[in-house]
Amino acid sequence: CFFAAMIVDKIVREKSTKLKELILMTGVSEGTYLFTYFITYFIIFVITSLFVTLLIYRYDILYIHEIFWFFAILQLFGIQIILFIMMEFMGKTC
């Protein structure tokens, strides 16, 4: 929930300052812009979910025997959140 709010906050700030238009005027293609946007937030999500997974494993918060599958499901969830927010908020201005 916090992760999605962080992405939406950045998009709102970006639209209010018209940063995307400025970046696109410098010659960066829209595909490159969206790809770097996705990669940036995916790396942030990987680090966060790795930290959460290690905490859950270390302190036995949940009784999870397959920690790899828990981490993999978190990654799929993160990809889904990032792509949904990119399609929902950025798709209207592309």
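To be clear, the structure that these remarks concern was listed above.
Just so it is clear, the structure is predicted and the values come from calculations on it, not from any experiment.

**A short note on the overall build of the chain**
Counting secondary structure elements, the chain contains four helices and zero strands. The linear arrangement of helices and strands in the chain, starting from the amino end, is α-α-α-α. Oriented by its inertia axes, the alpha-carbon framework of the chain measures out at about 50 × 20 × 20 Å. Within the chain, the fraction of its 94 residues that count as buried is 22%. On the chain, roughly 6,900 Å² of surface is accessible, and the fraction owed to carbon and sulfur atoms is 75%. Here the chain holds 7 positive side-chain charges and 7 negative ones, and the gap between their average locations is 8 Å.

**Points about the nonpolar core**
Formed by 13 residues in total, the largest nonpolar core has its most connected members in F3, I7, Y37 and I82. Going through the elements one at a time, α1 (2-17), α3 (30-59) and α4 (67-90) are the ones with two or more residues in this core. Discounting residues that sit within four places of it in the chain, Y37 has contacts with I7, K10, I11, E14, M86 and M90.

**A few points about the side chain of E14**
Assignment of secondary structure puts E14 in helix α1. For E14, the contacting residues outside a window of four places in its chain are L19, K20, Y33, Y37 and M90.

**Some details on the packing of aromatic side chains**
Tallied over the full model, the rule gives four aromatic pairs. Here the aromatic rings of Y33 and Y37 are separated by 6.5 Å at their centres, their planes lie at 35°, and the arrangement is tilted. Of this pair, Y33 and Y37 are both found in helix α3, four residues apart, which corresponds to roughly one turn of the helix. Neither residue differs from the other here; Y33 and Y37 are each classed as buried. Judged by centre distance (5.9 Å) and plane angle (10°), the ring pair of F38 and F42 falls under stacked.

**Topic: the packing of α1 against α3**
α3 packs onto α1 with a crossing angle of 145° between their chain directions and a minimal axis gap of 11 Å. For α1 against α3, the interelement crossing comes out right-handed. Residues F3, M6, I7, K10, I11 and E14 of α1 touch α3, and the partners they reach there are Y33, Y37, Y41, I44 and F45. In terms of residue class, the contact of α1 with α3 is made up of nine nonpolar, no polar and two charged.

The rules behind these values
- Residues numbered from 1 in each chain as written.
- Predicted model: local features only at pLDDT ≥ 70, side-chain atom pairs only at ≥ 80, totals over all residues.
- Heavy atoms only, no water.
- Helix = DSSP H or I, 4+ residues; strand = E, 2+ residues; numbered from the N terminus.
- Buried < 20%, exposed > 50% of the residue type's maximum accessible area, 1.4 Å probe, protein only.
- Areas by Shrake-Rupley, 256 points an atom, 1.4 Å probe, with all protein chains shown as cover.
- Lys, Arg positive; Asp, Glu negative; His and termini not counted.
- Charge placed at Lys NZ, Arg CZ, Asp CG, Glu CD.
- Core = buried A, V, L, I, M, F, W, Y, C linked by side-chain atoms within 4.5 Å.
- Contact = heavy atoms within 4.5 Å.
- Phe/Tyr/Trp six-rings, centres within 6.5 Å; stacked < 30°, edge-to-face > 60°.
- Axes fitted to C-alpha atoms, helices over the stretch in contact; angles between N-to-C directions.
- Left-handed = near helix turned anticlockwise from the far one by under 90°.
- Nonpolar A, V, L, I, M, F, W, Y, C, P; charged D, E, K, R; others polar.

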